[in-house]
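Spelled out, the chains give:
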Amino acid sequence: MSRIGRMPIAIPAGVTVDIAENNKVTVNGPKGTLVRVLPAEMEITQDGSEVLVKRPNDLKKMKSLHGLTRTLINNMVVGVTQGYTKVLEVNGVGYRAQKSGNKLTLSLGYSHPVEMEDPEGVSTVVDGNKITVSGIDKEKVGQYAAEIREKRAPEPYKGKGIKYADEVIRRKVGKTGKK
């Protein structure tokens, strides 16, 4: 049995979970609503204040889908109750981030400013050299944070660029002069 897939998902107070046909799961909570169609092979049942996921057989594909399905539902429940955030840091001389409306403007040493528009359901807050990406959908938050980081990924010699707050950049030694 999948250790993760076997665990029940506790539904906190104020959250409703609807399981429609073809495993269309709708999770409603204080922060919003998330809808997702999950693999049809999995058997998703609600038992009081818990959601259980069962698999039909022990094929390798079913085993991997079992844990995935359970984790996706859990991420939806956590998203509508607490939400998700990713913090990015902008490091480098002259590198800046500004926010106006739902547009994020990044000055990253290019000949032009890089403008990015916040996707639906995701918001960004700029505080000095920190960019905080937050939302209820874990996938969208992570994807948008990755797209921002991609605009100028940190380089290993000076550490300039956009990095995650908890990311450690492996530094390299620069070239040395001739003797």
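One can find the structure itself at the top, above this paragraph.
Let me sum up the structure you'll find in this document. This is a predicted model, so every value here is computed, not measured.

**Comments concerning the pattern of salt bridges**
Then, number 1: Applying the stated criterion across every chain yields a total of six salt bridges.
Then, number 2: We note a salt bridge from Arg149 to Glu167, for which the minimum N-O separation is 2.7 Å. In this pair, Arg149 sits in helix H3 (residues 138-150) while Glu167 sits in the segment after strand E13 (161-164), placing the two residues 18 residues apart along the sequence.
Then, number 3: Here Glu167 falls in the partly exposed class, since its relative accessible area comes to 21%.

**Digging into unusual backbone geometry**
Then, number 1: Non-glycine residue Asn22 carries a positive phi angle of around 60°.
Then, number 2: Structurally, the position occupied by Asn22 is in the loop between strand E2 (16-20) and strand E3 (24-29).
Then, number 3: Classification of Asn22 by relative accessible area gives exposed; the value is 56%.
Then, number 4: The phi angle at Asn23 is positive, at roughly 55°, despite the residue not being glycine.
Then, number 5: Within the secondary structure, Asn23 sits in the loop between E2 and E3.

**A short note on the pairing of strand E10 (residues 114-117)**
Then, number 1: Burial along E10 is one-sided: the residues Val114 and Met116 are buried and none of Glu115 and Glu117 is.
Then, number 2: With antiparallel pairing between neighbouring strands as the criterion, strand E9 (residues 103-107) and E10 make up a hairpin whose turn holds six residues, including Gly109 at a positive phi of roughly 85°.

**Thoughts on the pairing of E3**
Then, number 1: Relative to E3, E2 runs antiparallel, the two being bridged by five bridges. Bridge pairing in E3 places Val17 opposite Val27.
Then, number 2: The loop that links E2 with its antiparallel partner E3 comprises three residues; one of these, Asn22, has a positive phi angle of about 60°.
Then, number 3: Of the pairings in the sheet, the one linking E3 to strand E4 (residues 32-37) comprises six bridges and is antiparallel in character. Across the sheet, residue Val27 finds its bridge partner in E4, namely Leu34.
Then, number 4: Count of turn residues in the E3/E4 antiparallel hairpin: two residues.

**Notes on the side chain of Glu89**
Then, number 1: Looking at the element boundaries, Glu89 is found in strand E7 (residues 84-91).
Then, number 2: You can call Glu89 buried: its relative accessible area is 15%.
Then, number 3: Within the structure, Glu89 has its side chain in polar contact with the side chain of Lys130 (distance 3.2 Å).
Then, number 4: Contact partners of Glu89, with chain neighbours within four places excluded, come to Asn129, Lys130, Gly161, Ile162, Lys163 and Ala165.

**Observations regarding the nonpolar core**
Nonpolar side chains in soluble globular proteins tend to be buried together.
Then, number 1: Formed by 20 residues in total, the largest nonpolar core has its most connected members in Val17, Val25, Val27, Leu38, Ile44, Val51 and Ile73.
Then, number 2: Every element with two or more residues in this core is listed here: E3, strand E6 (50-54) and helix H2 (60-81).
Then, number 3: No other element matches the seven residues that H2 contributes to this core.
Then, number 4: Contacts of Val27, omitting those with residues within four sequence positions, involve Val15, Thr16, Val17, Gly32, Thr33, Leu34, Met76, Val77 and Val80.
Then, number 5: One finds Leu108, Met116, Ile131 and Ala145 within the second-largest nonpolar core, a separate group that totals 19 residues.

**A word on the side chain of Arg55**
Then, number 1: Relative to the elements of secondary structure, Arg55 occurs in the loop between E6 and H2.
Then, number 2: Here Arg55 falls in the buried class, since its relative accessible area comes to 12%.
Then, number 3: A polar atom in the side chain of Arg55 sits 3.4 Å from the backbone oxygen of Asn57.
Then, number 4: Engagement of the side chain of Arg55 in a polar contact is seen with the side chain of Asp58, the distance being 3.1 Å.

Rules used throughout
As a convention, each chain's residues are numbered from 1 in the sequence order in which they are written. Only residues with pLDDT of 70 or above have their local features reported here, since the model is predicted, and side-chain atom pairs are shown and tallied only from 80 upward, although totals for entire chains, interfaces and linings are computed over all residues. To get the side-chain values, take all heavy atoms of the structure and skip hydrogens and water. For salt bridges, the criterion is a side-chain nitrogen of Lys or Arg within 4 Å of an Asp or Glu carboxyl oxygen. Runs of H or I in DSSP of at least four residues are treated as helices and runs of E of at least two as strands, each being numbered from the N terminus. Note on exposure labels: buried denotes an accessible area under 20% of the residue type's maximum, exposed denotes more than 50%, and partly exposed covers the range between, all computed with a 1.4 Å probe on protein chains only. Any two strands with at least two DSSP-identified bridges between them are counted as paired. Whenever a nitrogen or oxygen atom comes within 3.5 Å of another N or O atom, the pair is scored as a polar contact, on the condition that within protein one atom can donate a hydrogen and the other can accept it, and that pairs from neighbouring residues in sequence are kept only if both atoms are in side chains. Residues are treated as being in contact if the distance between any of their heavy atoms lies within 4.5 Å. We call a set of buried residues a nonpolar core when its members are Ala, Val, Leu, Ile, Met, Phe, Trp, Tyr or Cys and they connect through side-chain atoms within 4.5 Å of each other.

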